[in-house]
Amino acid sequence: MSPESLCGADIVIRSLVDQGVEVVFGYPGGAVLPIYDSLFKQNSLRHVLVRQEGGAVHAAEGYARSTGKVGVVLVTSGPGATNAVTGLTDALMDSVPIICLTGQVPTHLIGNDAFQEADTTGITRPCTKHNYLVRDVGDLAKVMHEAFYIAKSGRPGPVVIDLPKDVLFATGSYAAPEQIEHKSYRPQTQPDSAKIAEALALIAKAERPLVYGGGGLINSGPEACARFAEFVRLIDSPCTLTLMGLGALPASDPHFLGMVGMHGTYEANLAMHDCDVMIAIGARFDDRVTGRLNAFSPGSKKIHIDIDPSSINKNVRVDVPLIGDCGEALEALIEGWTKVAPKRLPAGRQRWWKQVEAWRGRDCLRYDKSKKDIIKPQYALERLYALTQGRDPYITTEVGQHQMWAAQFFKFEKPYHWMTSGGLGTMGYGLPAAVGVQVAHPDALVIDVAGEASILMNIQEMSTIAQYRLPVKAFILNNQYMGMVRQWQELLHGARYSESYTAALPDFVKLAEAFGAKGRRVTDPAELDDAIRFMIDTPSAVVLDVAVDELENCFPMIPSGAAHNEMLLGPEDEAKKPVSEEGMVLV
Amino acid sequence: MTDVERHTIAVLVDNEPGILARVVGLFSGRGYNIDSLTVAEVDKTNNLSRITVVTSGTRMIIEQIKAQLSRLVPVRKVHDLTDEGPFVEREMALIKMAGKGEPRIESLRLADIFRARVVDSTTESFVYEITGSAEKLDAFIHLMEPLGLVEVSRTGAVAIARGPGKF
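Residues numbered from 1 in each chain as written. Chains lettered and ligands numbered in written order. Predicted model: local features only at pLDDT ≥ 70, side-chain atom pairs only at ≥ 80, totals over all residues.

**Examining the overall build of chain A**
Assigned secondary structure in chain A consists of 24 helices and 20 strands. On C-alpha atoms alone, chain A measures out to a radius of gyration of 24 Å, which is about the 25 Å that the 2.2 N^0.38 rule sets for 587 residues. Taken along its principal axes, the extent of the C-alpha atoms in chain A is 70 × 60 × 45 Å. Residues classed as buried in chain A amount to 55% of the 587 residues present. (Helix = DSSP H or I, 4+ residues; strand = E, 2+ residues; numbered from the N terminus. Rg over C-alpha atoms; globule rule 2.2 N^0.38 Å. Buried ≥ 20, exposed ≤ 12 C-beta atoms within 10 Å, placed from the backbone.)

Here's what the structure looks like:
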């Protein structure tokens, strides 16, 4: 097919359509008007108008993480681009494939401090996987297709394409995407077979193995997750998942120990501390997982499967690094296992499972149920989980205590159903992310588990929810505090609650109504089930304001600077194990 | 494991706008040291530039630096010359001396010993060009200081592996 002549803006739209994009999250402005004009003249692409550009990126992240597709954002120059920066950083930290198209002033004005000019490629260089400034319309089609390839291949991430207005008006040739052979960027997906053999030999001899899976499994896709589950069962090892990896192994699987890390379960963290072979798959030994590094899993040999070579040996030195896609690595491991699988499991394995069961028996997620007149946040989530069973809900969260409780009390059976801001910890992520999830799954039950402080950071997206009649549910655990800030102030700063109390919260019921949604507030535990049923049975958007115990803390907790076996299980441990001075300076 | 090592790393990159900023930003953003950094186009047909970075850190940090450099999309190859066998490392400096009389003559004698060349002269100044290892340049500059040294301009190190092998 001979190349066609199109204007730059049409090339942008055509590339998106040819890349299989169905929906773009965006906000117009002067520099991107030509693209909005091209959008107006076609019917293949849907545009979702957000209320702030930051919301557009989070919505695209929610869309991407709940579908496995690339999320696309379209914003204008200057403030449009700078507002997108938090979302881009979030997507970079959590490896979410995003294409962000930013308008730019015409090329002859670049560098002149023109109206709504910002050095977008300069600002976004450290918060994207890659970025482009397209100065010539002749490069546009190639850059568009290459950007998609970079965003979704290897370790996925956000890619910014900065588009000067004159380039959008200029005429250039368009060619459909072909197989992309990038001159320098070639992620390794196939793992080294010698290393696979080395890993298998370690696993076969392991008395106390632990599989530690992360968000890379979700990025690798449902098939990789299925292989992961198969592998865990095959080698009959306890398995934990990171915050980003929840859903990679069905939570109901008896091998699953719950989430690992700062607010992970007792059994997961102690198994990590005491195991003799750790098999890390698509996880990156984040500081929220490892705790104090010099006390991290001291007696284990570590196998690390990751597609990003820079994740290997970054925080923790590993014994067998395996660079490649986790799906392919797991396939090779499963195939190899049949050859090396011992007839009888090592003698210590039974003792290990016994030990794991003993840790499980501590029931570390238990909480005080004695007060009958106040809703415990944990109880609220237990009930939300119980009452949404069979509805295949998609859960997004904001950031803080409610996020950790959601991770602890919601049981995820499959990937793509849990959208949360892990690496960057972006308050305000959940509501716009829910917009993106709902756009991708119009008939699904989509719930933003929120805190009253976080949700206010992007509350303007209620207007987007109204415009597109999205039946998003906001489940607010309202304790009137920035709960996690308050918890740290209690543990580390002598309960001096400096600026963590929100004195003038809105009436969330009226707020919901102002945006055309239904609102309800619940304060009595006896009425909670009814309120949750009202929320999930209402066909439109609902804000459920759940007044919860204001001073509840999130446990278990590994305080910063502590090791896995020094975790606090509940309020009774707080006084016994004060946080060290070294721990205080950590985040 | 925790000893600080000094490494010379050669990075072959696509010569495109912003690539130097990407490399420099990576070092500053992640808190790595840059002892010296040089860059210039080396292959016009394929539009390639070569960056030579001299950096220091523990073994774990050095490995991390190489992995992070390789992750940048326009980076084609990363070679740790220090690890990969013998290599030649050179730096050039232009050194301006001002003054008259005996110190001026003395600087000329020392320049001769160091094989520095005079590339500009007036009746009261010289500019020397000197090439060699960073240590040699340091030594020469140190000797010039009491003799009327007024200005130094250094290129930073460039390096290449010994033998017939190609990068």
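Picking up after the structure, the text goes on.
**Quick notes on the overall build of chain B**
Secondary structure summary: chain B contains four helices and nine strands in total. Each helix (α) and strand (β) of chain B, taken in turn from the N terminus, gives the series β-α-β-β-α-β-β-α-β-β-α-β-β. When its C-alpha atoms are laid out on the principal axes, chain B stretches across 55 × 40 × 35 Å. By the burial criterion, 25% of the 167 residues in chain B qualify as buried.

**Describing the pairing of strand 20 (residues 542–547) of chain A**
Residue and element names in this part refer to chain A. Among the six residues of strand 20, five are classified as buried, and the element is accordingly described as predominantly covered. Sheet topology note: the strand 18 (residues 473–478)/strand 20 ladder contains six bridges and is parallel. Within strand 20, the position partnered with F475 by the bridge is L544. In terms of strand pairing, strand 19 (residues 518–522) meets strand 20 through five bridges, oriented parallel. Across the sheet, the residue bridging to R520 is L544, located in strand 20. (Pairing = 2+ DSSP bridges.)

**Brief notes about the sheet that holds strand 6 (residues 130–133) of chain A**
Residues and elements named next belong to chain A. Read from one edge to the other, the open sheet built from six strands follows the order 3-2-4-5-7-6, with strand pairing classed as parallel. Strand pairing shows two members of the sheet lacking a second neighbour, strand 3 (46–49) and strand 6, which therefore form its edges. Looking at each pair of strands side by side, their axes are set apart by 20° on average, direction ignored. As defined by bridge partners, strand 5 (residues 98–104) adjoins strand 7 (residues 158–164) across seven bridges and the pair is classed as parallel. Paired with L101 across the strands is I161, a residue of strand 7. Relative to strand 4 (residues 71–75), helix 3 (residues 53–67) is tilted by about 165°, and along the sheet it contacts strand 2 (23–26), strand 3, strand 4 and strand 5. (Axes fitted to C-alpha atoms, helices over the stretch in contact; angles between N-to-C directions. Contact = placed C-beta atoms within 7 Å.)

**Remarks on helix 2 (residues 59–71) of chain B**
Residue and element names in this part refer to chain B. The end-to-end C-alpha distance of helix 2 is 19 Å, a good match for the 18 Å that 13 residues give at a rise of 1.5 Å each. Taken together, the buried positions of helix 2 are occupied by I61, I62, Q64, I65, K66, Q68, L69 and R71. Lining the buried residues of helix 2 we find strand 1 (5–14), helix 1 (19–29), strand 3 (48–57) and strand 4 (75–80). (Expected span 1.5 Å × (residues − 1).)

**As for the packing of helix 8 (residues 193–205) of chain A against helix 13 (residues 326–340) of chain A**
All names here are of chain A. Put simply, helix 8 and helix 13 touch, their axes get as near as 10 Å, and they point 55° apart. In this view, helix 8 runs oblique relative to helix 13, as classed from their interaxial angle. Where helix 8 crosses over helix 13, the two elements pack in a sense that is right-handed. Residues S193, I196, A197, A199, L200, A201 and A204 of helix 8 pack against A332, L333, G336, W337 and V340 of helix 13. Here the contact of helix 8 with helix 13 is composed, by residue class, of 10 nonpolar, two polar and no charged. (Parallel < 35°, antiparallel > 145°, perpendicular 65-115°, else oblique. Left-handed = near helix turned anticlockwise from the far one by under 90°. Nonpolar A, V, L, I, M, F, W, Y, C, P; charged D, E, K, R; others polar.)

**A closer look at the sheet that holds strand 15 (residues 394–397) of chain A**
Whether parallel or antiparallel, the strands of a sheet pair through hydrogen bonds between backbone atoms. Residues and elements named next belong to chain A. Here we have six strands laid out as an open sheet, ordered 16-15-17-18-20-19, and parallel in their pairing. Only two strands of the sheet have a single neighbouring strand rather than two, namely strand 16 (418–419) and strand 19. As paired elements, strand 15 and strand 16 share two bridges and run parallel to each other. Looking across to strand 16, one finds that T396 is bridged to M419. Against the sheet, helix 16 (residues 401–409) engages strand 15, strand 17 (446–451) and strand 18, with an angle of about 135° to strand 17.

**Focus on the nonpolar core**
Residue and element names in this part refer to chain A. Counting residues in each nonpolar core, the largest one holds 207 residues, and the members touching the most others are V73, I98, I99 and F228. Counting residues per element, this core draws most heavily on helix 6 (residues 137–152), at eight residues. Those residues in contact with I98 that lie beyond four places of it in its chain are V57, A60, E61, A64, V70, G71, V73, A91, A151 and P158. (Core = buried A, V, L, I, M, F, W, Y, C linked by C-beta atoms within 7 Å.)

**Here's the deal with the environment of A:G215**
All names here are of chain A. On the secondary structure map, G215 appears in helix 9 (residues 215–220). A sequence separation of 121 residues divides G215 from D94, and the C-alpha atoms of the two residues are 7.7 Å apart. The residues touching G215, leaving out its near neighbours within four places in the chain, are D94, S95, T242, M244, G245, G282 and G422.

**What about the environment of B:L149?**
Residue and element names in this part refer to chain B. Counting through the fold element by element, L149 comes out in strand 8 (residues 149–154). L149 gets classed as partly exposed once you count the C-beta atoms within 10 Å, which come to 18. In the structure, L149 is positioned 95 residues away from V54 in sequence and 26 Å away in space, judged by C-alpha atoms. Sequence-distant contacts of L149, defined by excluding residues within four places in its chain, comprise I95, M97, I141 and M144.

**Quick look at helix 6 of chain A**
All names here are of chain A. Taking 1.5 Å of rise per residue, 16 residues should cover 22 Å, and helix 6 covers 24 Å from first to last C-alpha, within 8% of that figure. The largest bend along helix 6 measures about 25° and falls at V143. Here the buried face of helix 6 lies against helix 1 (8–18), strand 5, strand 6, strand 7, helix 7 (165–169) and strand 8 (171–174). Positive backbone phi, at 60°, marks G154, one or two positions downstream of helix 6. (Bend = angle between axes of the 7 residues up to and from the residue.)

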